[in-house]
Amino acid sequence: MTRLLSPEEVRLDRLWRERFGQPLPMVGAPEVARRILRQHGVAVRRPSETKAKAPQTGGE
């Protein structure tokens with residue numbers, strides 16, 4: 001049975017391929033993949049961190 005990648009795994013796979021030149025070796029472990037990418041100098045954030053840090057516009 002084939003498992004489809006989540007949007008987060010697709011993003012991590014792209015970053016992994018850019019850094020290491022091969023597909024993401026672990027599916028279903030985004031925390032581990034993020035940690036390894038960070039250790040190798042790749043700036044990567046969780047999707048929730050990206051949304052939380054979005055610039056605020058308008059207001060007073």
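How each quantity is defined
- Residues numbered from 1 in each chain as written.
- Predicted model: local features only at pLDDT ≥ 70, side-chain atom pairs only at ≥ 80, totals over all residues.
- Heavy atoms only, no water.
- Helix = DSSP H or I, 4+ residues; strand = E, 2+ residues; numbered from the N terminus.
- Polar contact = N/O pair within 3.5 Å; in protein donor to acceptor, adjacent residues only side chain to side chain.
- Contact = heavy atoms within 4.5 Å.
- Patch = residues over 30% accessible without salt bridge, like charges linked within 9 Å, V, L, I, M, F, W, Y side chains within 5 Å.
- Areas by Shrake-Rupley, 256 points an atom, 1.4 Å probe, with all protein chains shown as cover.
- Salt bridge = Lys/Arg side-chain N within 4 Å of Asp/Glu carboxyl O.
- Buried < 20%, exposed > 50% of the residue type's maximum accessible area, 1.4 Å probe, protein only.

(A) The arrangement of the side chain of Glu9 in detail. Counting through the fold element by element, Glu9 comes out in helix H1 (residues 7–20). A distance of 2.6 Å separates a polar side-chain atom of Glu9 from the backbone nitrogen of Gly28. Discounting chain neighbours no more than four positions away, the residues touching Glu9 are Arg3, Leu4, Leu24, Val27, Gly28 and Ala29.

(B) View of a nonpolar patch on the surface. There is a patch of nonpolar side chains on the surface, built from Leu5, Val10 and Val27 and spanning about 240 Å² of accessible area. The class of Leu5 is partly exposed, set by a relative accessible area of 38%.

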